[in-house]
Amino acid sequence: MSKSSENGCVQCFLHYETPKTLVIPSKTIGCVFRFAQFVVLFYIVGYVCVVRKAYQETDSVISSVTTKVKGFAYTNTSYMEPRFWDVADYVIPPQTPDSFFVMTNMIITRKQFQSRCPEFPGPLTTCTDDCDCFEGHNDPRGSGIQTGRCVNFSATVKTCQVFSWCPLEIDTVLPEPALLAAAEDFTVLIKNSITYPKFDFHGRNILPHINSSYLKTCEFNRTTDPDCPIFRLKDIALEAGEDFQDMAVKGGVLGILIDWSCDLDWWEDKCYPKYSFRRLDDKNPFNNVAPGYNFRFAKYYLTPDGVETRTLIKAYGIRFDIIVFGTAGRFGIVPTIINLGAALTILGLIPHVCDWILLTCMEKREVYKKNKVTEFNDGDSDSVSMGTTYGTQ
Amino acid sequence: MSKSSENGCVQCFLHYETPKTLVIPSKTIGCVFRFAQFVVLFYIVGYVCVVRKAYQETDSVISSVTTKVKGFAYTNTSYMEPRFWDVADYVIPPQTPDSFFVMTNMIITRKQFQSRCPEFPGPLTTCTDDCDCFEGHNDPRGSGIQTGRCVNFSATVKTCQVFSWCPLEIDTVLPEPALLAAAEDFTVLIKNSITYPKFDFHGRNILPHINSSYLKTCEFNRTTDPDCPIFRLKDIALEAGEDFQDMAVKGGVLGILIDWSCDLDWWEDKCYPKYSFRRLDDKNPFNNVAPGYNFRFAKYYLTPDGVETRTLIKAYGIRFDIIVFGTAGRFGIVPTIINLGAALTILGLIPHVCDWILLTCMEKREVYKKNKVTEFNDGDSDSVSMGTTYGTQ
Amino acid sequence: MSKSSENGCVQCFLHYETPKTLVIPSKTIGCVFRFAQFVVLFYIVGYVCVVRKAYQETDSVISSVTTKVKGFAYTNTSYMEPRFWDVADYVIPPQTPDSFFVMTNMIITRKQFQSRCPEFPGPLTTCTDDCDCFEGHNDPRGSGIQTGRCVNFSATVKTCQVFSWCPLEIDTVLPEPALLAAAEDFTVLIKNSITYPKFDFHGRNILPHINSSYLKTCEFNRTTDPDCPIFRLKDIALEAGEDFQDMAVKGGVLGILIDWSCDLDWWEDKCYPKYSFRRLDDKNPFNNVAPGYNFRFAKYYLTPDGVETRTLIKAYGIRFDIIVFGTAGRFGIVPTIINLGAALTILGLIPHVCDWILLTCMEKREVYKKNKVTEFNDGDSDSVSMGTTYGTQ
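Residues numbered from 1 in each chain as written. Chains lettered and ligands numbered in written order. Predicted model: local features only at pLDDT ≥ 70, side-chain atom pairs only at ≥ 80, totals over all residues. Heavy atoms only, no water.

UniProt, in its Catalytic activity (unreviewed entry) section for chain A, records the words "Ca(2+)(in) = Ca(2+)(out)". The heading Subunit (unreviewed entry) in the UniProt record of chain A holds the text "Homotrimer and heterotrimer; functional P2XRs are organized as homomeric and heteromeric trimers. Homotrimer. Forms heterotrimer with P2RX1. Forms heterotrimer with P2RX6. Forms heterotrimer with P2RX3." (UniProt positions renumbered as here; feature names shortened; annotations may be inferred.)

So, in structure tokens, the structure goes:
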């Protein structure tokens, strides 16, 4: 007792306390124990480290994309006079980051003036006399503001007159095949530079081994030219599992996905972009409210006598969204500790399981118990009379 | 000794070593022990698993948005002649991904020519004769490049002449209420398709149970039509806690947030978008430098004799940013192991705490010590004379 | 035996079982043990908590950006007649979220009509007679659709005639220095509002202590005005390590990075944006396919007799991408548990290491073994004859 009281504090700090253990020479439990350990270790190494790279910390990409569409088309149809189309005509607006729109089909309404004209016939618009029309009435499903007058739409039909951009657009008949069907052969050059700020890693989709002469002629092909950043629109649609001509009629949205996922520990020099393509809008046959993709824009003119007129264009086309994503991983001490710690805990559980097996399932369990477990009983001092002295701790 | 030396390696591998333990029949410490265990287990199950779903691995959304604004307006004010406005007039530019701008107010300056005109009077621009003006002087706060001449601005005031687009824009008086106040009744159809690449999950905001006839008539309403993807601009502002008419005058930015957070383990079929609306720009009363949102654009014309002229429009309006976000969670073995491991470690701490209580707080602590802790003392062999043989390990 | 059989279940639940331990009064092993503990604790506190803030849960930023460019320029060069440029002229398109384009250089082709004109001479276009030209031939590297006729390009050279926008654009000579070199003195006001939805934290880059009078005059400067949200384009290029005039000629992409990373536990009131600037496109000298950044757009006119004509502009300029990023961290119970758990596990490993040292490296190891490890041997009852009774567990 004296010893412990004298320099207890020193002991409690510098004495090392270790659990007393009992070795059980049973092959059965031994095997179970070792096997369990092996399984856990295998999981840690094989799955967490190799497959999931759980020892890495990650960063997400910062990207910049510029696109340049090339190609022109010539249309000579019943819908309009022969016309030549180049980039400035069919890319609207001329530049958008991370996206570009190629007009493939359109409904053009020329020489619209702010004026009055009869509505298209319909349940709400046909009338017999002015009483049926209400001045200033604004029907969202109509084409303009009613003037309150009922006028001849045709020899037979009278409809309410509206104040609007007249003549009104007739968007019931859509050119098919698409006017700019030739757009399928247009090409686009995509320049993409990325950064992983946390790792100060920079990359671009024009790879070092690509020289400019190659770039002038090449064209992306999954098998032969997987690194060429120049894509033929038709191929993009094809890779996305769509038919360009089908999409061209009513328009749609195609995604150009660039995956920059990289393992910067081992393959920093192999950090290449992987291209994939997918239709992003829904081409669901039912639910076909405003199917495809279209929008209206106008070119404004002044007549010689200063009156504003416009050409309204309902543009159908394909919007290409360039979606750059990916996460880079590099060894990080924190995730490593976390995962290691977690895994080791599982190791630490094994003995508990084995003890349970030992004391419940094995036939010699009673004997094992005797040796392993001591029942504390007060007052009885035999158990402490064996020349052991007691250290505080 | 012999035994251990003979086949030590076999033992060290297949013998199972387990700590000797002492059972203490004290209800007090027993309760403490079990209670602590219960608390930790409750935390693990209740909080980590149920509330936080810490057993899931997550993926963030890849999204594509298209918008289609509908509606028209008629203006008949003192600011300009009667005019009819449709989508092509007030949506600028005609298409932008993830965003659309609706012009609600404007200052129009017509028939601007590249020419010379007197500056607006101001401390820096008023002059008495040419000496006060400096040819080529370019004052950022001015309206053009000074020609060096001092000319009559009005009968009484002389100002420096500038080379600029003349006549100069007068943007001091802003129409109020907004010219296109009627824009509050415009509607927008938002089509949003999303993907969680890691889980190969696809979703769209036009839900399966929505048919196209419903879509033609419905309008979003938090309570009655929470799934309708057609929004009235006024309602968006309202939900964002703003008054549309107030915003319409000076413009602003409204965010349409679409939350696609999903639990793909249990509710994959219930993975619906949740809409929320928020004003994104600051309407801070002080700090009102360039409050609201506006920008300038021009329509260019050629006069019959080939001179370029333009109509300058300072467009005030509301930009709607569609922000799609959310993370999907699905059971993952790695996060499960990590969280389980971490939680179990806490369980593993409890015995240490209990031991400490046992050996310091309980009255019988001395006796417990005697039984639990053995002081190693060299040379004394009693402690090893009890028929036990020693296995290496 | 009786006791255990009677109320085993009660015992197994309320009896506390604790390992028997052996105190080893060895300073050596004691020091090793304590030192190891200290190291791990130091790592936990110092690195995981302080440096990495591993106890925090994070959220990523939702942001809204509006920009307003100010400034005008006057060009008087041999390339075109004297001209005045303001925002409406050089920002194309007039508004884009998170980005703005400033035209700095251009090639203008006026009075283009849909008509026929000779191709530029080249290996594929020069011809001797009509047989060399193929009607309808569409060469992507050409300028239009061949009409099949061979006409005089000049007195000496004959080339195939094409149907196109004539006259054709001549983009071989690029004005240098850039036409709008003065753009370097343009300024841009960036208004950025952010939100961390998970923490319901809102912030804006116009800080509370900034008043509007300051905002009207200030200009960003890393040292003197680090909080001013008004940037001079020249300075942006400079900070990005580029020369504005160089970029102005062929164009490029500059990134304005706004970092909103914040520690909301301690510095919520200090959650300020940090600006940095970086060139995002590659200015790689080799691989110079389509170097810089340019695109084509056109202004469309009608001649008095209703024929469509256009002015084609190949616009070179600098696109400024505003990239807002950052993660906010705030104390979270889950990550804390995880990291704590993981760290404590490491603590839990130390005894195993020390035991190994104890039983293999220390000279007294044999004696230690005797006391620590008991070899189980069946049938021998001495080990259980010491007045201890056996509790089930």
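Next comes the rest of the write-up.
Caption draft 1: Fine view of the overall build of chain A. Counting its secondary structure elements, chain A contains nine helices and 19 strands. Here the C-alpha atoms of chain A give a radius of gyration of 39 Å, more than 25% beyond the 21 Å that 2.2 N^0.38 yields for 393 residues. In terms of principal-axis extent, the alpha carbons of chain A reach across some 125 × 65 × 45 Å. When each of the 393 residues of chain A is scored for burial, the buried share is 55%. (Helix = DSSP H or I, 4+ residues; strand = E, 2+ residues; numbered from the N terminus. Rg over C-alpha atoms; globule rule 2.2 N^0.38 Å. Buried < 20%, exposed > 50% of the residue type's maximum accessible area, 1.4 Å probe, protein only.)

Caption draft 2: Quick peek at the interface of chain A and chain B. Taken together, the contact pairs 95 residues of chain A with 75 residues of chain B. Interface area for chain A against chain B, summed over the two sides, is near 7,700 Å², with a carbon-plus-sulfur share of 60%. Between the two partners, chain A and chain B, sit four salt bridges. Arg 310 of chain A is the salt-bridge partner of Asp 89 of chain B, the closest N and O atoms lying 3.0 Å from each other. Examining the composition of the side of chain A that touches chain B, we find that 10 residues originate from one element, helix α8 (residues 333–360) of chain A, more than from any other. Looking at the side of chain A that touches chain B residue by residue, the class counts come to 48 nonpolar, 28 polar and 19 charged. (Contact = heavy atoms within 4.5 Å. Buried area = accessible area lost by both parts, 1.4 Å probe. Salt bridge = Lys/Arg side-chain N within 4 Å of Asp/Glu carboxyl O. Nonpolar A, V, L, I, M, F, W, Y, C, P; charged D, E, K, R; others polar.)

Caption draft 3: The nonpolar core, seen in detail. Residues Leu 358 of chain A, Leu 358 of chain B together with Ile 29 and Leu 358 of chain C are the most contacted members of the largest nonpolar core, which totals 76 residues. Broken down by element, the residue count for this core peaks at 13 residues, all from helix α8 (residues 333–360) of chain C. Residue contacts for Ile 29 of chain C: discarding those within four places in its chain leaves Tyr 16 of chain A together with Ile 24, Cys 354, Ile 357, Leu 358 and Met 362 of chain C. (Core = buried A, V, L, I, M, F, W, Y, C linked by side-chain atoms within 4.5 Å.)

Caption draft 4: Focus on the UniProt feature "binding site: ATP" (unreviewed entry) in chain A. Feature annotation in UniProt assigns "binding site: ATP" (unreviewed entry) to the following positions: Lys 68, Val 69, Lys 70, Thr 187, Asn 294, Phe 295, Arg 296 and Lys 314 of chain A. On the basis of their most widely separated C-alpha atoms, the annotated residues across 247 residues do not gather in one place, lying as much as 24.6 Å apart. One can find Thr 187 of chain A in strand β10 (residues 187–196). Apart from the residues within four sequence positions on either side, Thr 187 of chain A is in contact with Lys 68, Val 69, Lys 70, Glu 219, Ile 230, Phe 231 and Arg 232 of chain A. Position of Arg 296 of chain A relative to the elements: it lies in strand β16 (residues 294–302). When residues no more than four places from it in sequence are discounted, the contact partners of Arg 296 of chain A are Glu 169, Asp 171, Leu 312, Ile 313 and Lys 314 of chain A together with Lys 68, Ala 88 and Pro 94 of chain B. Within the structure, Arg 296 of chain A has its side chain in polar contact with the side chain of Glu 169 of chain A (distance 2.8 Å). (Polar contact = N/O pair within 3.5 Å; in protein donor to acceptor, adjacent residues only side chain to side chain.)

Caption draft 5: Representation of the domain arrangement of chain A in the model. The assigned domain composition of chain A is domain 1 (13–55 + 332–385) and domain 2 (60–119 + 168–325). Spacing between the C-alpha centres of domain 1 of chain A and domain 2 of chain A amounts to 62 Å. (Domains from an automatic or database assignment.)

Caption draft 6: Spatial organisation of the side chain of Thr 195 of chain B. Looking at the element boundaries, Thr 195 of chain B is found in strand β10 (residues 187–196). There is a polar contact of 3.5 Å between the side chain of Thr 195 of chain B and the side chain of His 202 of chain B. Other than its neighbours up to four places away in sequence, Thr 195 of chain B contacts Arg 278 of chain A together with Ser 60, Val 61, Ile 62, Phe 201 and His 202 of chain B.

Caption draft 7: Inspection of the interface of chain C and chain A at higher detail. Contacts between the two partners involve 95 residues from chain C, matched on the other side by 74 residues from chain A. Both sides together, the interface formed by chain C and chain A hides about 7,700 Å², and carbon and sulfur atoms give 60% of it. Between chain C and chain A we count four salt bridges in total. Between the two partners, chain C and chain A, sit 26 residue pairs in polar contact (both at pLDDT 80 or more). Residue composition of the side of chain C that touches chain A, grouped by class: 48 nonpolar, 28 polar and 19 charged. Looking at chain direction, strand β1 (residues 16–19) of chain A and strand β2 (residues 21–24) of chain C are connected through four bridges and run antiparallel. The partner of Glu 17 of chain A across the bridge, within β2 of chain C, is Val 23 of chain C. (Pairing = 2+ DSSP bridges.)

Caption draft 8: Quick peek at the sheet that holds strand β19 (residues 373–375) of chain A. Here we have three strands laid out as an open sheet, ordered β19(A)-β2(B)-β1(C), and mixed in their pairing. Here the strands that pair on one side only, and so sit at the sheet edges, are β19 of chain A together with β1 (16–19) of chain C. Adjacent strand axes in the sheet meet at a mean angle of 30° when their direction is disregarded. Pairing of β19 of chain A with strand β2 (residues 21–24) of chain B, which is carried by three bridges, proceeds in the parallel orientation. Within the sheet, the bridge partner assigned to Val 373 of chain A lies in β2 of chain B and is Thr 21 of chain B. Those strands touched by helix α8 (residues 333–360) of chain B are β2 of chain B together with β1 of chain C, and its axis lies near 95° from that of β1 of chain C. In this fold helix α9 (residues 365–372) of chain B packs onto β2 of chain B together with β1 of chain C, with an angle of close to 155° to the strand it touches most, β2 of chain B. (Axes fitted to C-alpha atoms, helices over the stretch in contact; angles between N-to-C directions.)

Caption draft 9: Layout of the packing of α8 of chain B against α8 of chain C. The interhelical angle for the contact between α8 of chain B and α8 of chain C, taken along N-to-C directions, is 65°, at an axis separation of 8 Å. Note on packing geometry: the crossing formed by α8 of chain B with α8 of chain C is left-handed. Facing Ile 338, Asn 339, Ala 342, Thr 345, Ile 346 and Leu 349 of chain B of α8 of chain B, the residues of α8 of chain C in contact are Val 334, Ile 337, Ile 338, Gly 341, Leu 344 and Thr 345 of chain C. Across the contact of α8 of chain B with α8 of chain C, the residue classes tally to eight nonpolar, four polar and no charged. (Left-handed = near helix turned anticlockwise from the far one by under 90°.)

Caption draft 10: Geometry of the relation of the copies chain C and chain A. Aligned on chain A, chain C shows an RMSD of 0.1 Å; the corresponding rotation is 120° and the shift along the axis is 0.0 Å. With respect to symmetry, the two chain copies, as superposed, fit the operation of a three-fold axis. (Least-squares fit on C-alpha atoms with pLDDT ≥ 70 in both.)

Caption draft 11: Examining the sheet that holds strand β3 (residues 56–60) of chain B more closely. All names here are of chain B. An order of β3-β18-β14 is seen for the three strands of this open sheet, with the pairing classed as mixed. Only two strands of the sheet have a single neighbouring strand rather than two, namely β3 and β14 (262–263). Examined bridge by bridge, β3 and strand β18 (residues 327–331) share five bridges and lie antiparallel to one another. Its bridge partner lying in β18, Ser 60 is registered against Thr 327.

Caption draft 12: Expanded view of the pairing of strand β8 (residues 145–152) of chain A. All names here are of chain A. In terms of burial, β8 is a largely internal element, six of the eight residues being buried. Relative to strand β9 (residues 158–166), β8 runs antiparallel, the two sharing five bridges. Bridging across to β9, Cys 150 finds its partner in Cys 160. The antiparallel pairing of β8 with β9 creates a hairpin that spans five residues between the two strands.

Caption draft 13: Spotlight on the state of the cysteines. Evaluation of the coordinates by the stated rule reveals 15 disulfides over all chains. Put simply, Cys 133 of chain C and Cys 160 of chain C are joined by a disulfide, and their sulfur atoms are 1.9 Å apart. Around the S-S axis, the bridge from Cys 133 of chain C to Cys 160 of chain C shows a dihedral of about -90° and counts as left-handed. Of this pair, Cys 133 of chain C sits in the loop between β7 (99–118) and β8 (145–152) while Cys 160 of chain C sits in strand β9 (residues 158–166); the two residues are 27 residues apart in sequence, bridging distant segments of the chain. The disulfide that involves Cys 262 of chain C links it to Cys 271 of chain C, with 1.7 Å between the sulfurs. Residues Cys 262 of chain C and Cys 271 of chain C are joined by a disulfide whose S-S torsion is about 85°; by sign, that bridge is right-handed. Neither Cys 262 of chain C nor Cys 271 of chain C differs from the other in exposure class; each is buried. In chain A, the cysteines engaged in disulfides, taken in order along the sequence, are linked 1-6, 2-4, 3-5, 7-8, 9-10. Cysteine Cys 31 of chain B shares no disulfide, and the gap to the nearest cysteine sulfur, in Cys 354 of chain B, comes to 11 Å. Among the cysteines around Cys 131 of chain C, which has no disulfide bond, Cys 133 of chain C carries the closest sulfur, lying 8.9 Å off. (Disulfide = S-S within 2.5 Å.)

Caption draft 14: Spatial organisation of unusual backbone geometry. Of note, the bond from Cys 166 of chain A into Pro 167 of chain A is cis; its omega dihedral lies within 30 degrees of zero at 0°. As for its position among the elements, Pro 167 of chain A is in the loop between β9 and β10. The backbone of Asp 200 of chain A sits at a positive phi, close to 50°, despite the residue not being glycine. Within the secondary structure, Asp 200 of chain A sits in the loop between β10 and β11 (201–204). Relative accessible area serves as the criterion here: at 53%, Asp 200 of chain A is assigned to the exposed category. The backbone of Lys 111 of chain C sits at a positive phi, close to 50°, despite the residue not being glycine. Inspection of the secondary structure assignment puts Lys 111 of chain C in strand β7. The partly exposed category is assigned to Lys 111 of chain C, whose relative accessible area is 47%.

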